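Commentary on secondary and tertiary structure
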Amino acid sequence: MRTAPTVLHLDMDAFFAAAEQAAKPSLRGKPVVVGGLGPRGVVSTASYEARRFGVHSAMPMAQARRLAPNAAYLVPRFTLYRTVSEQVMELLGRLSPLVEPLSLDEAFVDLEAGGSAHDTASALAAGERLRRDIRARTGLSGSVGLAGSKMLAKIGSEQAKPDGLVLIEPGTERELLGPMSVRTLPGVGPATGEHLRRAGMTTVADLAEAGEDELVRLLGKAHGTSLHRMALGQDDRPVVSEREAKSVSVEDTFDTDLHDRVRVRTEVDRLAERCVRRLRASGHSGRTVVLKVRRYDFSTLTRSETLRGPTDDPGVVREAAGRLLESVDTTGGVRLLGVGVTGLADFTQEDLFAQAAARERAAEEEPGAAAGGHGGAPGGPEEGQGDAVAGGGAGQGRSPAEGAADTGDGPPSPAGASGPAGERRFPAGHDVRHAEFGPGWVQGSGLRRVTVRFEEPGSAPGRVRTFWADDPALELSEPLPLVPGTGQSSWPASRPKSRSLSRPERPAGPSGGSGDGRARP
């Protein structure tokens, strides 16, 4: 244990929802819920205003809508969240070379390793300076915990929420932890917590008094020994700047159970393609392919196959996942599918037999493909994944939260995402740009119309206008910077280019619109 509180834990406050409120002036101070909007979607993040109604992360979206029917429900925009996260991590990197990111919005920092702090006063000054810098750079707030260990720093940031700082002086750990619930300690989930409750242990003080031998008897040697040390406030884990990835995986939850075996195989093939793209992006290959199937009755089956060597070949992973699927009974229906790769390596040992077989299949299928093929081929366009959320569409039937989280590739193509019969889709909450009215965001869509609120970070709440979904002047766009004038090269310009030509006349729309792109009330 350290003698000075030089371990810092930062946790951004309601990160996804706060970023949406900062980007959309009309939503500031109002309940905002970010997550999957489909029938089986779940809440990713809820703003503090929404939490007052009982909405929280991991809650079914249908339940959230019942608790807060007037909240704004938005699809995640991971392009925005990643950009803001990079800005925050850059600020943390200025404090120390030892930064351990846990997620987009959370990280540990070893202040002593960077020379930013060596005692209580300097640690407190560094924490306050970090909070000010984050606010100035991103417009968002973060909560900071300072302590002599990672466990206590994280507990401190939880106590500091929202938008605060808590410093836990070394030597006061047991006094602080004693009255807290056993669930406060890392590794104590609902099942372990219930097991300890039955044994008469509900607080951290109870664990400390029980002794190591009793905890080992109840929980096993590894878990029992670790839990007893944490109950005494002892945590010697170092801040690690790079944590090696152990696996890469993607999964989708479907709005309605899949019963067609061909459709199930098509989805597995598509997931395998996405998994390999993510695998390659991380610079890895993998040796073991894993298939996850959650059936209609919520039973979850996992199957795996170990290859002769690591690979990042999509054909190899796709075929392995298909073989694993053959051993699973999907008769009653499938609600979730996932494909993953473990046993990661930074080199590949190509499966020449699989590649040769793939080339033969491609040669055999080429005539059919030239004649038109069939529309359900694996590896088809994925733009509809996030859109099934916003447009409530008939397409893939995925829950938007999972689809958006898996792809994470930002908004669809600039012209808008295509749905059935070529209809463009505009996900709720995503950025758009109109050739005449400038930047805005999608407030809602349906019946071939899109309602847009024209405002941007730093502006006053904007006006709402409705357009035909096929209006050529309206297109999806990249997010704007949350703090205007930050000068980040990754952000696009905020204003549209001046138009050299007047807007072309359009024939009246199918619903009787005036032909200028706007839907009349």
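For the structure itself, look to the data block above.
We now turn to the structure provided with this report.

Time to look at the sheet that holds strand β19 (residues 474–476). A sheet is described by the order of its strands in space; here five strands give the open sequence β18-β17-β16-β15-β19, paired in antiparallel fashion. Because the sheet does not close on itself, it has two edges, and the strands there are β18 (463–468) and β19. Averaged over all adjacent pairs, the angle separating strand axes in this sheet is 40 degrees, with direction ignored. Relative to β18, strand β17 (residues 449–454) runs antiparallel, the two sharing six bridges. Across the sheet, residue Val-452 finds its bridge partner in β18, namely Arg-465.

Here the focus is the packing of aromatic side chains. According to the stated counting rule, one finds eight aromatic pairs in the structure shown. Their ring planes at 85 degrees and their centres at 5.6 Å tell us that Phe-16 and Phe-78 sit as a pair that is edge-to-face. Of this pair, Phe-16 sits in helix α1 (residues 15–23) while Phe-78 sits in helix α4 (residues 78–95), and the two are 62 residues apart along the sequence. Residues Phe-16 and Phe-78 agree in their burial class; the two are buried. Ring geometry for Phe-78 against Tyr-81: centres 5.7 Å apart, planes inclined by 80 degrees, an arrangement best described as edge-to-face. Residue Phe-78 and its partner Tyr-81 are located together in helix α4, separated by three residues, close to a single helical turn.

Let us now look at empty space enclosed by the protein. In this structure the tally under the stated criterion is three cavities of 30 Å³ or more. The volume enclosed by the largest cavity comes to roughly 80 Å³. Lining the largest cavity are 13 residues, with Ala-23, Arg-77, Asp-431, Glu-455 and Pro-457 positioned closest to its centre. Looking at the lining of the largest cavity element by element, the count peaks at three residues for strand β16 (residues 438–446). Looking at the lining of the largest cavity, its residues break down into seven nonpolar, one polar and five charged.

Neighbouring strands of a sheet are bound in pairs by backbone hydrogen bonds; such pairs are parallel or else antiparallel. Taken together, the five strands give an open sheet; going across it, the order is β5-β6-β1-β7-β8, and neighbouring strands pair in mixed fashion. The outermost strands of the open sheet, each flanked by one partner alone, are β5 (99–103) and β8 (165–167). Neighbour to neighbour, the strand axes of the sheet diverge by 15 degrees on average, direction disregarded. Across six bridges, the pairing between strand β1 (residues 7–12) and strand β7 (residues 142–147) is antiparallel. Each residue of the ladder has a partner; that of His-9, found in β7, is Gly-145. In this fold helix α6 (residues 150–160) packs onto β1, β5, β6 (106–110), β7 and β8, with an angle of close to 140 degrees to the strand it touches most, β7.

Rules and cut-offs
Residues numbered from 1 in each chain as written. Predicted model: local features only at pLDDT ≥ 70, side-chain atom pairs only at ≥ 80, totals over all residues. Heavy atoms only, no water. Pairing = 2+ DSSP bridges. Helix = DSSP H or I, 4+ residues; strand = E, 2+ residues; numbered from the N terminus. Axes fitted to C-alpha atoms, helices over the stretch in contact; angles between N-to-C directions. Phe/Tyr/Trp six-rings, centres within 6.5 Å; stacked < 30°, edge-to-face > 60°. Buried < 20%, exposed > 50% of the residue type's maximum accessible area, 1.4 Å probe, protein only. 1 Å grid on protein atoms, 1.4 Å probe; cavity = no way out; pocket = protein on both sides within 12 Å on 5 of 7 lines; lining within 4 Å. Points joined across faces, edges and corners; volume = space filled by probe spheres on them. Nonpolar A, V, L, I, M, F, W, Y, C, P; charged D, E, K, R; others polar. Contact = heavy atoms within 4.5 Å.

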